[in-house]
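A closer look at the structure
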Amino acid sequence: MELGIALLITASLAIFVMTPLLSRSTEAVPVDVTMAAHLKRRRLVVYENLQDLEFEYKAGKIATEDYESLRTNYRAEAAGLMAASMEAESVDAADALIEREIAARRAERKAKPQDDYTCAKCGFENPLPVKFCGECGAPLSPARKKN
Ligand SMILES: [Zn+2]
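Figured I'd write up the structure that's included with this text. Throughout this document, residue positions are counted from 1 along each chain, in the order its sequence is written. Local features in a predicted model are, by the rule used here, given only for residues with pLDDT of at least 70; side-chain atom pairs are given and counted only at 80 or more, and totals for whole chains, interfaces and linings are based on all residues. Heavy atoms from the whole structure form the basis of all side-chain values; hydrogens and water molecules are not counted.

On to the overall build of the protein. In terms of helices and strands, the protein carries three helices and zero strands. In this description a helix means any DSSP run of H or I spanning at least four residues, a strand means any run of E spanning at least two, and both kinds are numbered starting from the N terminus. Listing the helices and strands of the protein from first to last along the sequence gives α-α-α. A 1.4 Å probe rolled over the protein chains alone gives each residue an accessible area, and that area as a share of the maximum for its type sets the label: buried under 20%, exposed over 50%, partly exposed in between. In the protein, buried positions account for 14% of the 147 residues. Accessible surface area values rest on a Shrake-Rupley calculation with a 1.4 Å probe, where residue burial reflects the displayed protein chains alone. Approximately 12000 Å² of the protein is accessible, and the part contributed by carbon and sulfur atoms is 61%.

Structural data, given as structure tokens:
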């Protein structure tokens, strides 16, 4: 009986611990988006702690030595979080830039006539700018090239 209860508790604890880990791995993108927000929130908490520390020091509740070491720690933590935030934001910005580039290239491709390198002899649509048809070897007319 006791063993059964112990096993039940162990199993429910395992589920409790594993669930957030599993759900996190399945939705990678939303977590990445909230990462910057999460870092910012943590940074704001550190700033608040710094303010509280300042206040308590001025009220004479904290020794100068403790105050200074705590302040140094908080500042280092804030600086680390700031760097992490900037990194997360630059990753987001780089992703957005790549997406814009891809969208621009796609639009360009769509707007561009696709028959630039279509062979007049066999009708093969050569995917690259070439001088000779990749299918039959016939020279492609340079007059059809886009300037
Ligand atoms: Zn051809």
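A separate point is helix 3 (residues 64–111). Given the number of residues in a helix, its expected span is that number minus one, multiplied by 1.5 Å. With 48 residues, helix 3 should reach 70 Å at 1.5 Å per residue; the first-to-last C-alpha distance of 69 Å fits that figure. Residues of helix 3 that are buried: Tyr67, Ala78, Leu81, Ser85 and Ala88.

What follows deals with the nonpolar core. For this analysis, a nonpolar core means a set of buried residues of the types Ala, Val, Leu, Ile, Met, Phe, Trp, Tyr and Cys, connected via side-chain atoms within 4.5 Å. Formed by Ala36, Leu39, Val46, Ala78, Leu81 and Ala88, the largest nonpolar core amounts to six residues. The set of elements that each furnish at least two residues to this core consists of helix 2 (28–58) and helix 3. Contacts are residue-level and defined by heavy atoms, with any inter-residue pair within 4.5 Å sufficient. With near-sequence residues (within four places) excluded, Ala78 lies in contact with Arg43, Val46 and Tyr47. With five residues, the next largest nonpolar core counts Tyr117, Cys119, Cys133 and Leu140 among its residues.

Bringing the coordination of the zinc ion into the picture now. Note on the zinc ion: its protein donors are Cys119 (SG), Cys122 (SG), Cys133 (SG) and Cys136 (SG). The metal-donor distances range over 2.3 to 2.4 Å. Donor selection uses N, O and S atoms within 2.8 Å of the metal (3.2 Å for Na, K and Ca). Since no water is included, sites may look incomplete. The geometry test gives tetrahedral to four donors whose angles all lie between 85 and 135 degrees, gives square planar to four donors and octahedral to six donors whose opposite members are over 155 degrees apart with all other angles between 65 and 115, and gives irregular to the rest. Coordination at the zinc ion is tetrahedral, judged from the four donor atoms that bind it and the angles of 107 to 114 degrees they form at the metal. Each donor residue of the zinc ion belongs to the same chain, and together they define the spacing C-x2-C-x10-C-x2-C. On the basis of relative accessibility, which here comes to 5%, the residue Cys133 falls in the buried class.

The next subject is the packing of aromatic side chains. Side-chain rings of Phe, Tyr and Trp (the six-membered ring for Trp) are treated as a pair once their centres are within 6.5 Å; stacked means planes under 30 degrees apart, edge-to-face means over 60, and tilted covers the remaining angles. Overall, the coordinates contain one aromatic pair when judged by the stated rule. With 3.8 Å between their ring centres and 5 degrees between their planes, Tyr57 and Tyr67 make a pair best called stacked. Taken together, the residues span a long stretch of sequence, with Tyr57 in helix 2 and Tyr67 in helix 3 at a distance of 10 residues.

Along the chain, Pro139 falls in the segment after helix 3. Here Pro139 is in contact with Lys131 and Phe132, once residues within four sequence places are set aside.

Within the secondary structure layout, Ser85 lies in helix 3. Overall, Ser85 belongs to the buried group, its relative accessible area being 3%. Aside from chain neighbours lying at most four places away, what touches Ser85 is Ala36, Leu39, Lys40 and Arg43.

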